[in-house]
Amino acid sequence: MFSKILIANRGEIACRVAATAHRLGVQTVAVYSDADAKAKHVQVCDEAVHVGGNTPKESYLQWQRIIDAAKATGAQAIHPGYGFLSENEEFAQACADNGLVFIGPPASAISAMGLKAESKRLMEKAGVPLVPGYHGADQDEALLQREADRIGYPVLIKASAGGGGKGMRIVEKAEDFAAALQSCKREAINSFGDDNVLVEKYVQRPRHIEIQVFADTQGNVVYLFERDCSVQRRHQKVLEEAPAPGMTDTLRQQMGLAAVNAARAVGYVGAGTVEFIVEQPGGYDKPEEMKFYFMEMNTRLQVEHPVTEAITGTDLVEWQLRVAAGEPLPKRQEELRINGHAIEARINAENPDNDFLPATGTLSIYRKPASSSFAVSEVRVDDGVREGDAISPFYDSMIAKLIVHGETREQALARLDEALSQLHIVGLPGNVQFLRRAIKTESFAQARLDTALIQREAAQLFGQSAWPVEYTVAAAVAGMLHQEEASPERDPFAQRDGWRGWGVAKRFFLFAKGEAKLDATVSYLNDGSLHLSIRPHGDYKAAPLREGIVQFAPVPGSDALEVQFAERSARLSIYRNGSAVEVFAARGHDSITWIDPLSQSEGEGEGGGLAAPMPGKVVSFAVQPGDKVKKGQPLAVMEAMKMEHTIVAPRDGVVAELLFAPGDQVMDGAELLTLGSAS
């Protein structure tokens, strides 16, 4: 076994590798960018070396600096994690050339399987079924258009060197192909340095099922069963589970053997994943009719590897280290068994109700359920952040991975919902409530899975509230009053408890929820109780939306309050984040904005321009000054967190001026262009 390794990555996976290394008595070296100088992965490793600026191109993709850091610190091997350099054959070869062990497959295997087009040609020769498509080297745009027309729409354009959903576009009709191709190529060259693409028939309503394989240097290869990763947004996985629901023993064995043969064909070593598209011609209820097609091989450890660890009782990072050190695989195929069911949910900084737009900000509150970290258990949270850390625009939007394990899928689902309810994130938008809704949809609960699940269940997944807004207002008022009453003031005349010698004291609060504004009036009654009345803002003659006595008391041993209002009682965790009030309960999470009358004006009119919805880089503008535009029309393309996002017109108008140029970096909220009146 190695005595010291360098981890050429950041965030959650760097912390994950370090945890296993420390358990095995292996010292670790971290690398970090300017943005990550105080990051968690830097703190958990024994040493750390600075390798460059904020962006991946300036730091984590600078492989010569990483090799120099390994040699300078005496590391014997480099673990690449996933993403960044993990599937870069040049880097793998450079490690070997410098006397360092690359904890992954040989460069030749990465080269053979890393390019989607090349790997498909290889699998075709090996007799593995492929989805109809064009995988050729000729990248002439007219040829690609003709091939797409020949295949038949819809087609999927995919970056040949891609992964993680980047450089992928679905094209529904021929006239959209050219624009989609250009966008795909831009994203591919930025993410992978290679803009070659392949074009395939888009298999509608497929399942995405992958096989975990492992090989050692003695020629042993095993498969550790499958994972279903069908629930996706923007071609990126959201929920993953093992084993795949409805998988027959026959199909599992067929796919497992195909994956093993694929690994053997390229002389594979280490952890890898062979991904398949699985067609369901007989529908969800006839798994015996499912057919599988090779999609790609990821020559690295996958983000979702913990669900495989949970059902097999293994530590796949330990396997990686042992195999890279020359040891044989810890288990043979006949020794591997499936135990129970595991599900992983990716916790992302993003806004699901706004097309999953990635978000940045500070984790002012980050509270996790009782769980393990980087170790198999009923509830496991793997992360690379701490409360108070910032989510920057330079890297992926994932905050953490929540993994649960149960004896059955039903038990795992119940355990996942409970754990999600105890995960409190304040400071930036997140997808926790979206995930809770997703696992309760009929499609997911009954395992009627395919990659179109999110679109199919959209009515239940987007624009939903956990409870009526009046209860959020009541919770916000209770939280704010409790915070005031808990202040250390001892002067009775400084207390804000509404006491007065005669009459009834009243306090007024104004809240905003989306476009709606609500008035909340608290009356301090003579018996010491509080009466709360909630009305639409400014309409004092209207009947209250809800009114009644509001009571609240702290729950011993926690930061929660027991709140009762209008004959309903709930245990709530309530946090203030500037003007936002965040409310967490067992049934869900909601937020509302408190409007401070001393610091805000109600007379704010409609803005005159198009604001950047997140920090990032301007890729292109689709309009010029003088152009008339309609609401919803694409105006600009921005890149953030390694993904492209189309920004549309908020209203009808005429473009007056472009305020930035392609390539410019902009801050969140920056005005990209001015938009005049359409009249």
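Residues numbered from 1 in each chain as written. Predicted model: local features only at pLDDT ≥ 70, side-chain atom pairs only at ≥ 80, totals over all residues. Heavy atoms only, no water.

Visitor: Just give me the short version of helix α9 (residues 249-265), but keep the residues and values in it.
Guide: Its 17 residues place the ends of α9 24 Å apart at the C-alpha level, agreeing with the 24 Å of an ideal helix rising 1.5 Å per residue. Of the residues trailing α9, Gly267 is marked for its positive phi of about 65°. (Helix = DSSP H or I, 4+ residues; strand = E, 2+ residues; numbered from the N terminus. Expected span 1.5 Å × (residues − 1).)

Visitor: Describe the pattern of salt bridges, listing the residues and the values that go with them.
Guide: Under the definition given, this model contains 44 salt bridges. With its nearest N and O atoms 2.9 Å apart, the salt bridge here joins Arg456 to Asp450. You can call Arg456 partly exposed: its relative accessible area is 29%. The exposure class of Asp450 is buried, given its relative accessible area of 0%. Residues participating in the shared-partner salt-bridge network are Arg16, Arg23, Glu309, Asp315, Glu318, Arg322, Glu327, Arg380 and Asp382. (Salt bridge = Lys/Arg side-chain N within 4 Å of Asp/Glu carboxyl O. Buried < 20%, exposed > 50% of the residue type's maximum accessible area, 1.4 Å probe, protein only.)

Visitor: Outline the packing of aromatic side chains, listing residues and values.
Guide: Overall, the coordinates contain 14 aromatic pairs when judged by the stated rule. Note on Phe276 and Phe292: the rings are 5.2 Å apart at their centroids and 85° apart in plane angle, and the pair reads as edge-to-face. Here Phe292 lies in strand β14 (residues 291-298) and Phe276 lies in strand β13 (residues 270-279), a separation of 16 residues in the sequence. Like Phe276, the residue Phe292 is buried in the burial classification. Plain terms: the ring middles of Tyr575 and Phe584 are 5.7 Å apart, the flat faces sit at 70° to each other, and that makes the pair edge-to-face. The same class applies to Tyr575 and to Phe584, which are both buried. The aromatic ring of Phe444 is capped on one face by Arg409, whose charged end is 4.7 Å from the ring centroid. (Phe/Tyr/Trp six-rings, centres within 6.5 Å; stacked < 30°, edge-to-face > 60°. Lys NZ or Arg CZ within 6 Å of the ring centre and 35° of its normal.)

Visitor: Account for the sheet that holds strand β32 (residues 609-611), with residues named and values stated.
Guide: Read across the sheet, four strands follow the order β32-β39-β37-β34 without closing on themselves; strand pairing throughout is antiparallel. Edge positions in the open sheet fall to β32 and β34 (628-629), since each of these has one partner strand only. Pairing analysis gives three bridges linking β32 to strand β39 (residues 671-676), with the strands arranged antiparallel. Bridged to Gly609 within β39 is Thr674. (Pairing = 2+ DSSP bridges.)

Visitor: Break down the nonpolar core for me, with residues and values.
Guide: Ranked by size, the top nonpolar core spans 60 residues in total, and within it Ile5, Phe214, Met255 and Phe276 carry the most contacts. The element best represented in this core is α9, accounting for seven residues. Looking at which domains feed residues into this core, each of domain 1 (4-103) and domain 3 (207-460) gives three or more. Look past the residues within four positions of Phe276 in its chain and what remains in contact with it is Arg207, His208, Ile209, Ile211, Met255, Ala258, Ala259, Phe292, Tyr293, Phe294 and Met295. Counting residues in each nonpolar core, the second largest holds 36 residues, with Ile343, Leu423, Ile425 and Ile439 among its members. (Core = buried A, V, L, I, M, F, W, Y, C linked by side-chain atoms within 4.5 Å. Domains from an automatic or database assignment. Contact = heavy atoms within 4.5 Å.)

Visitor: Would you mind going over the sheet that holds strand β7 (residues 155-159) in detail, with residue names and values included?
Guide: Strand order across the open sheet formed by four strands is β6-β9-β7-β8, with antiparallel pairing between neighbours. Because the sheet does not close on itself, it has two edges, and the strands there are β6 (133-134) and β8 (168-171). Relative to strand β9 (residues 197-201), β6 runs antiparallel, the two being bridged by two bridges. Considered in β9, the bridge of Tyr134 is made with Val199. Here helix α8 (residues 177-192) sits on the sheet and contacts β7, β8 and β9; the angle it forms with β7, its principal contact strand, is near 25°. (Axes fitted to C-alpha atoms, helices over the stretch in contact; angles between N-to-C directions.)

Visitor: Any chance you could break down unusual backbone geometry for me, citing the residues and the numbers?
Guide: Residues Tyr153 and Pro154 are joined by a peptide bond in cis, for which omega reads 5°. Looking at the secondary structure, you find Pro154 in the loop between α7 (141-151) and β7. Of the consecutive residues Ala242 and Pro243, the connecting peptide bond is found in the cis state with omega at -5°. Within the secondary structure, Pro243 is located in the loop between β12 (236-242) and α9. Positioned with a positive phi, Phe225 is a non-glycine residue whose angle comes to about 70°. Residue position: Phe225 is located in strand β11 (residues 221-233).

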